Amino acid sequence: MNTYAATLERAPAALRRLRVHRRRRAVLGTALLGAVAFALFVATLTVGTTYVPPLDVIASVFGLSGDPGVNFIVHELRMPTAAAALCVGIALGVGGTLFQQVLRNPLAAPELIGISAGASLTAIAGIVLFAWGGPAISLAALLGAFGGGGLIYALAWRGGVSGYRLILVGIGITEFLLALVAYLVARADIRDAREAMHWLVGSIGQSGTGELLALACALALLVPLALGLGRTLRALELGDDPARAVGVRVEGARLGLLAIAVALVAFATAVAGPIAFVALVAGPIAQRLLGAQGTALAAGLVGASIVLASDLVAAQALPVALPTGVLTGAIGAPYLLWVLATINREGRGG
Amino acid sequence: MALGRSNGALAAGLAALLTCLLFVCALSVAVGSRSIDLSGVIEALTGSGVDSTEQTVVRDVRVPRTLLGLLVGAALGLSGALLQGVTRNPLADPSIMGLSAGAAAFVVLGISFLGITELSGYVWLAFAGTVVAALLVYAVASFGREGATPVKLALAGAAVAAGLWSVTSGIVMTDVDALDQIRFWQLGSLAGRNMPVLEQVAPFLAVGLALALLCGRALNGLALGDHTARALGQRIQLTRLGILAAVTILCGAATAACGPIVFVGLVVPHAARTICGPDYRWILPYSLVLAPAILLAADVLGRVVVAPGELEVGVVLGVLGAPFFIALVRYRSLAEL
C-alpha cells in the first residue's frame, strides 16, 4: 500500500521528465535534420564541373562573396537546381505527412490516392496528344493535381468525408487515371513515350523560374499554416469523435488540411513531376526519428534531404545523368527499410 | 453488414455466381475480332467442323485465353483477399505491396541485360521478381519482437515497391528498347498468351489456389487482432508466413502470365465482403468465382469495343472498374478491416 502511494506521488514528476525528454528529442532531432538538409543544399552548390569550396559557397549564398566567378556559378548555374530540390522536398514531405495524419493511414501518400495521378494524366495528355512543352505542361500538371484532389473529395463526400472512404476512392481514381496514362504511353510514338516516361519519373532542375517562384510562394504561405494547425491535426489523429469532443470542427479542419496538402503536392509536381516516394516515406521516417511531436516540419526536412541527396547522386555520381525521381526510391527505400528494421529490433516499432 | 446471412443463402449466391462465370466463359470463347457464329464455335470445339481456320481460332487462341483468364482471375481475386486479410489493411493489393514492382523490375532487367524478348522468357523473370520482392518485404517487416505487424508489412511493401520502381525507371530511361517492350507488358493483357504460357504457370496457380482456399479459418482468427488470435491458440507468425507464401505464388504466376493487372485484386475482395460479410471462409470462395468472371467480362469487352482492334484487359478494368469500385465505396458501408 505504501509503495503504491509512493508511486502515485512520483508519477507527475516522472510524466514531466518524460515530456521534457520528448520535447528535447523533438527539438534536437529537428535541428539535426535541418543541419543535414542544409549540408546537402551546400553540397549541391559545391560540386559540379568546377569545385567551389563550401565556405565560399556559404559566403556567396549570403551575399558576402566578392568573387564574380563564384557568384556566377553558385547563383546562376547551380542555385535553380538546389532551390528546386529543397522546395520540392519540403513541399512533398509536409504534404505527404499531412495526408497520412489527416487520413490516419501510412499508405495515404499523394501518389497512391490520386493527386499525382491527376497531374500525370493531364501532363502526359499534353505531351502525347498536343505536343506541349515547358510551362504548358507544368500548368497542366498543376490543374490536374487540383482536379484529381477535388474529384476524390467530391466522390468521397456523403454527408461528410471519412478518411477511410477518401483513401479508397483515391485508390480507385488512381487506378483509373493510371490505366489511361499507360494506354497513352503505349499508343504514343516511342519518342513521345520516352519524354512522357521522363516526366513521369520526375526530375529536378528542368523547370523554369516561374514555376519555382510559384512553388516558393506556396511554401511560404502554406507551411506556416500547416504548422500552425498542428494542434488540430493531433486532435484529428485521435479519430473523429475524440476530436469533436475536444472542440475541433472535424469536417472543416479536415477539408482545410487536405486542401493545404493537395496544394503543396500540386505545386511541387508542377515543378518536378510526380517524384515518387518522398511524400510516402518522409512522415514515417521523421516520426520514427523524433517521436510523435513536430513531425510536419521534420517531415519536410526529411523530404528535402531525400530529394537533395537523390539529385546529387543522379547528377554527379552516376555514369549517365538520370532524372532525380529514379533515385528518390533508391535512396529513400533502403533508408525507410533500415529505420523500420533497426527501430523494430529495439522493440519500439508499431 | 450481412452477418446474419445463412450458409444456405450464401451457397445459393455462390451457385448463381458460378452460373454467371460459365456464361462469361462461353462468351469469351464465342466472341472475338473474327466473327464466328455459334454453330461454328460448337463445331470447332467438338472437332466436327470443316473450316480449319475457325477451328484454329477457337481451339488454339480463344480456349487457352479463356482458361488463362479463369486461372489468373481466380489467382488475383484470392491473392487480394488474402493480402487484405493478413495485413488487415483494405488498401493492400499486390501492386501496393511491391509484388508487381518486383515482377516489372526483373522483366526490365531481363530485357535490358539478358536480351530476352520472348513472352515465355518473361514468365520466369516476373515470377522470380515477385518472389524476391515478397521475401524482401517479409524479411524487413518481421524484424523485432512483435514480428510482421500489419503496419510494418504495409510500409515495408511500399518501400520495396518504390526501390524496385527506381530500378525499373532507371533502366527504362537509358534503354529505349526496354521501354518499348515494357510499356506494352505493363498494360496487362490476356492476348497472345497461348498454350505454352498457360502450361508454364498452371501448376503454380493450382498449388496457390489450393493453399489459399485452406486459409479461411486462419484469416478469421487474424482478423480479431494478434492478441486474440494468439489467445485462441493460433501460431500467428507461421500463419502469416503461410498466407504470404500463397499470395506470392498466386500473384507471381498471374503477373508472369499477363503482366500487372491491378484492379481485380483490390476490388473483388471488397465486393465479396459486401455480399457475404466478414467470414473469410465465404469471402475466399466468392472471390475465387467473382474475380475470373470480372476479368473475362472485361477481356471480352476489350475485344468488342474497338473491333477489329483490341483494348488490353488492364485498360478496360482500369476505366470500368473505377466507377464500380467508387460506387461500392460510396453506397455500401465497407467493413474496416
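Residues numbered from 1 in each chain as written. Chains lettered and ligands numbered in written order. Predicted model: local features only at pLDDT ≥ 70, side-chain atom pairs only at ≥ 80, totals over all residues. Heavy atoms only, no water.

Novice: So what's going on with the overall build of chain A? Which residues, and what values?
Specialist: Looking only at helices and strands, chain A features 14 helices and zero strands. The secondary structure elements of chain A, listed N-terminal to C-terminal, are α-α-α-α-α-α-α-α-α-α-α-α-α-α. What you see for chain A is a C-alpha radius of gyration of 22 Å, in line with the 20 Å of a compact globule of 350 residues. Principal-axis analysis of the C-alpha atoms gives chain A an extent of 80 × 55 × 35 Å. (Helix = DSSP H or I, 4+ residues; strand = E, 2+ residues; numbered from the N terminus. Rg over C-alpha atoms; globule rule 2.2 N^0.38 Å.)

Novice: If you had to explain the environment of G259 of chain B to someone new, which residues and values would you point to?
Specialist: All names here are of chain B. Turning to its location among the elements, G259 is positioned in the loop between α11 (236-258) and α12 (263-276). Along the chain, G259 and F184 lie 75 residues apart, while their C-alpha atoms are 9.0 Å from each other. Those residues in contact with G259 that lie beyond four places of it in its chain are W185, G188, R193 and A254. (Contact = heavy atoms within 4.5 Å.)

Novice: Lay out the nonpolar core in plain terms, naming residues and giving numbers.
Specialist: Judged by nonpolar contacts, the single largest core of 231 residues is most densely connected at F99, L103, I124, W199 and F277 of chain A together with L82 of chain B. When residues in this core are grouped by element, the largest group, 17 residues, is from helix α3 (residues 68-103) of chain A. If near-sequence neighbours (up to four positions away) are discounted, W199 of chain A is found in contact with A119, S120, A123, I124, I127, I137, A141, T269, G273 and P274 of chain A. If you look at the next biggest cluster of nonpolar residues, it comprises seven residues, including A30, V41, V57 and V58 of chain B. (Core = buried A, V, L, I, M, F, W, Y, C linked by side-chain atoms within 4.5 Å. Buried < 20%, exposed > 50% of the residue type's maximum accessible area, 1.4 Å probe, protein only.)

Novice: Break down the pattern of salt bridges for me, with residues and values.
Specialist: What the rule picks out here adds up to ten salt bridges over all chains. Its salt-bridge partner being E312 of chain B, residue R187 of chain A comes within 3.1 Å of it at the nearest N-O pair. Of the two residues, R187 of chain A is situated in helix α6 (residues 163-187) and E312 of chain B in the loop between α13 (280-305) and α14 (313-331); the pairing between them involves two chains. A relative accessible area of 39% places R187 of chain A in the partly exposed class. Looking at E312 of chain B, the relative accessible area reads 14%, which means it is buried. Salt-bridge contacts for D279 of chain B lead to R281 of chain B; the nearest nitrogen and oxygen are separated by 3.1 Å. Taking the relative accessible area as the measure of exposure, R281 of chain B reaches 48% and is therefore partly exposed. Each of R65, D299, R303 and E310 of chain B takes part in one network of salt bridges that share partners. (Salt bridge = Lys/Arg side-chain N within 4 Å of Asp/Glu carboxyl O.)

Novice: So, the packing of aromatic side chains: which residues are in play, and what are the values?
Specialist: Residues and elements named next belong to chain B. Under the criterion given, the structure shown has six aromatic pairs over all chains. Here the aromatic rings of W124 and F204 are separated by 6.0 Å at their centres, their planes lie at 75 degrees, and the arrangement is edge-to-face. Of this pair, W124 sits in helix α5 (residues 119-141) while F204 sits in helix α8 (residues 195-213), and the two are 80 residues apart along the sequence. Judged by relative accessible area, which is 28%, F204 ranks as partly exposed. (Phe/Tyr/Trp six-rings, centres within 6.5 Å; stacked < 30°, edge-to-face > 60°.)

Novice: Summarise the packing of helix α4 (residues 115-130) of chain A against helix α7 (residues 190-201) of chain A; cite the residues concerned and give the values.
Specialist: All names here are of chain A. The contact between α4 and α7 brings their axes to 10 Å, and the two run at 155 degrees. Classified by the angle between their axes, α4 and α7 sit roughly antiparallel to one another. Between α4 and α7 the crossing geometry is right-handed. The residues of α7 that touch α4, namely those facing A119, S120, A123, I124, I127 and V128, are D192, E195, A196, W199 and L200. (Axes fitted to C-alpha atoms, helices over the stretch in contact; angles between N-to-C directions. Parallel < 35°, antiparallel > 145°, perpendicular 65-115°, else oblique. Left-handed = near helix turned anticlockwise from the far one by under 90°.)

Novice: Give a description of α14 of chain B that names residues and reports values.
Specialist: For α14 of chain B, built from 19 residues, the straight-helix expectation of 27 Å at 1.5 Å per residue is met to within 8% by its first-to-last C-alpha distance of 26 Å. At G321 of chain B, α14 of chain B shows its maximal kink, close to 35 degrees; a proline, P323 of chain B, follows between one and four residues later. (Expected span 1.5 Å × (residues − 1). Bend = angle between axes of the 7 residues up to and from the residue.)

Novice: Tell me about the side chain of S310 of chain A, and name the residues and values.
Specialist: Looking at the secondary structure, you find S310 of chain A in helix α13 (residues 295-317). Excluding its chain neighbours within four sequence positions, the residues that come into contact with S310 of chain A are T324, L327, T328 and I331 of chain A.

Novice: Tell me about the interface of chain B and chain A, and please be specific about residues and values.
Specialist: The interface of chain B with chain A comprises 54 residues on the first partner and 55 residues on the second. For the pairing of chain B and chain A, the buried interface totals around 4700 Å² over both sides, and the portion due to carbon and sulfur atoms is 74%. The largest per-residue losses of area from chain B upon contact with chain A belong to L155, M173 and R330 of chain B, which jointly make up 16% of the total buried on that side. Counting every contact that joins chain B to chain A gives one salt bridge. Applying the counting criterion to the chain B and chain A interface returns seven residue pairs in polar contact (both at pLDDT 80 or more). Taken together, the elements giving at least two residues each to the side of chain B that touches chain A come down to α6 (150-174), α7 (176-185), α12 and α14 of chain B. The dominant element in the side of chain B that touches chain A, judged by the number of residues it contributes, is α6 of chain B, at 17 residues. (Buried area = accessible area lost by both parts, 1.4 Å probe. Polar contact = N/O pair within 3.5 Å; in protein donor to acceptor, adjacent residues only side chain to side chain.)

Novice: Describe the confidence of the model for chain A, listing the residues and the values that go with them.
Specialist: Residue and element names in this part refer to chain A. In the predicted model, chain A carries a mean pLDDT of 84, and the fraction of residues at 70 or more is 96%. Here helix α14 (residues 324-345) stands out as the least confident element of chain A, with mean pLDDT 74; α4 is the most confident, with 91. Under a pLDDT of 50 for its full length, residues 346-350 has, in the predicted model, eleven contacts with residues more than four places off or in other chains. (pLDDT = per-residue confidence, 0-100.)

Novice: Any details on unusual backbone geometry? Residues and values, ideally.
Specialist: Residue and element names in this part refer to chain A. Phi is positive for F277, which is not a glycine, with a value near 85 degrees. By secondary structure assignment, the location of F277 is in the loop between α11 (250-272) and α12 (278-290). Under the relative-accessibility criterion, F277 is labelled buried at 2%.

Novice: An account of the side chain of S189 of chain B is requested, with residue identities and associated values reported.
Specialist: Residue and element names in this part refer to chain B. Inspection of the secondary structure assignment puts S189 in the loop between α7 and α8. Side-chain polar atoms of S189 contact the backbone nitrogen of A191, separated by 2.9 Å. What S189 contacts, discounting residues up to four positions off in sequence, is C258, E312 and V313.

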